[in-house]
Amino acid sequence: MTRIFIALAMLGTLSACGAGVNERNYSSGRVVSQAFATGPISRACMQSGRKAANTRLCGCVQAVANQNLRSSSDQSMAAGFFRDPHQAQVIRQSDNPRHEDFWKRYKAFTGRAESSCSGL
C-alpha cells in the first residue's frame, strides 16, 4: 500500500513549466484548468512503467513538485523513489536531520499532489 501511495503521489509533479491544460468537467459543465510541467519527477514517472502513469498525471505531479519541492536535490531524491521505492522508506526512517526535513516537505508534496492530480 505504501508503494502504491508513493507511486501515485510521485506520478505527476523542477525545471521547466508548461502551459495549463483545460478540461471540461461534464457533470458540472465548467472548465477546470489543470497545471502541467516537465522535469525530473515527470520523467521518472513516465519511465516507471506503472499502469497509472500518463503524460497528464505525471505533468501534474511535476507542477506540484515545482511549487513544493523547489530545490533540485529534493526533486532528484523524490524522482529516485520511482526507481527504488524502498529508498523512500529508508529516508523516512532515517535519523539524519536533512532526511527528516526532506521527508516533511515530501509528505506535504504528496498530499498536495494527491488532491491536485487525482482522477487524471
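Residues numbered from 1 in each chain as written. Predicted model: local features only at pLDDT ≥ 70, side-chain atom pairs only at ≥ 80, totals over all residues. Heavy atoms only, no water.

Engineer: Provide a residue-level description of the packing of helix α5 (residues 86–93) against helix α6 (residues 97–117), including the pertinent values.
Structural biologist: Here α5 crosses α6 at 115°, and the two axes come no closer than 8 Å. Residues Ala-88, Ile-91 and Arg-92 of α5 form the contact with α6, whose participating residues are His-99, Phe-102 and Trp-103. For the contact of α5 with α6, the per-class residue count stands at 4 nonpolar, 1 polar and 1 charged. (Axes fitted to C-alpha atoms, helices over the stretch in contact; angles between N-to-C directions. Helix = DSSP H or I, 4+ residues; strand = E, 2+ residues; numbered from the N terminus. Contact = heavy atoms within 4.5 Å. Nonpolar A, V, L, I, M, F, W, Y, C, P; charged D, E, K, R; others polar.)

Engineer: Talk me through the state of the cysteines; I want residue IDs and the actual numbers.
Structural biologist: By the definition in use, this model includes 2 disulfides. Linked covalently through their sulfurs, Cys-45 and Cys-58 form a disulfide whose S-S length is 1.8 Å. For the disulfide bridge between Cys-45 and Cys-58, the dihedral angle about the S-S bond is near -60°, and by the sign convention the bridge is left-handed. Taken together, the residues Cys-45 in helix α2 (residues 40–47) and Cys-58 in helix α3 (residues 55–68) connect sequence positions 13 residues apart. Assigned by exposure class, Cys-45 and Cys-58 land together as buried. With a sulfur-sulfur separation of 2.0 Å, Cys-60 is cross-linked through a disulfide to Cys-117. Disulfide Cys-60-Cys-117: torsion about the S-S bond near -85°, hence left-handed. Highlighted residues: Cys-60 in helix α3 and Cys-117 in helix α6, separated in sequence by 57 residues. (Disulfide = S-S within 2.5 Å. Buried < 20%, exposed > 50% of the residue type's maximum accessible area, 1.4 Å probe, protein only.)

Engineer: Before we move on, can you summarise the environment of Ile-91 with the specific residues and values?
Structural biologist: Along the chain, Ile-91 falls in helix α5. Separated by 11 residues in the primary sequence, Ile-91 and Phe-102 place their C-alpha atoms 8.5 Å from one another. Excluding residues that lie within four positions of it along the chain, Ile-91 makes contacts with Met-77, Phe-81, His-99, Phe-102 and Trp-103.

Engineer: Quick rundown of the pattern of salt bridges? Include the residues and the values.
Structural biologist: Under the criterion given, the structure shown has 1 salt bridge. Among the salt bridges present, the one from Arg-105 reaches Asp-74, with a minimum N-O distance of 2.6 Å. In this pair, Arg-105 sits in helix α6 while Asp-74 sits in helix α4 (residues 72–83), placing the two residues 31 residues apart along the sequence. For Arg-105, a relative accessible area of 35% puts it in the partly exposed group. Residue Asp-74 is classed as buried on the basis of its relative accessible area of 7%. (Salt bridge = Lys/Arg side-chain N within 4 Å of Asp/Glu carboxyl O.)

Engineer: Which residues make up the packing of α4 against α6, and what are the values?
Structural biologist: Orientation of α4 relative to α6, taken along the N-to-C sense of each, is 75°, at an axis distance of 11 Å. By the angle between their axes, α4 is roughly perpendicular relative to α6. For the pair α4 and α6, the contacting residues are Asp-74, Met-77, Ala-78 and Phe-81 in the first and His-99, Phe-102, Trp-103, Arg-105 and Tyr-106 in the second. Of the residues that constitute the contact of α4 with α6, the class distribution is 6 nonpolar, 1 polar and 2 charged. (Parallel < 35°, antiparallel > 145°, perpendicular 65-115°, else oblique.)

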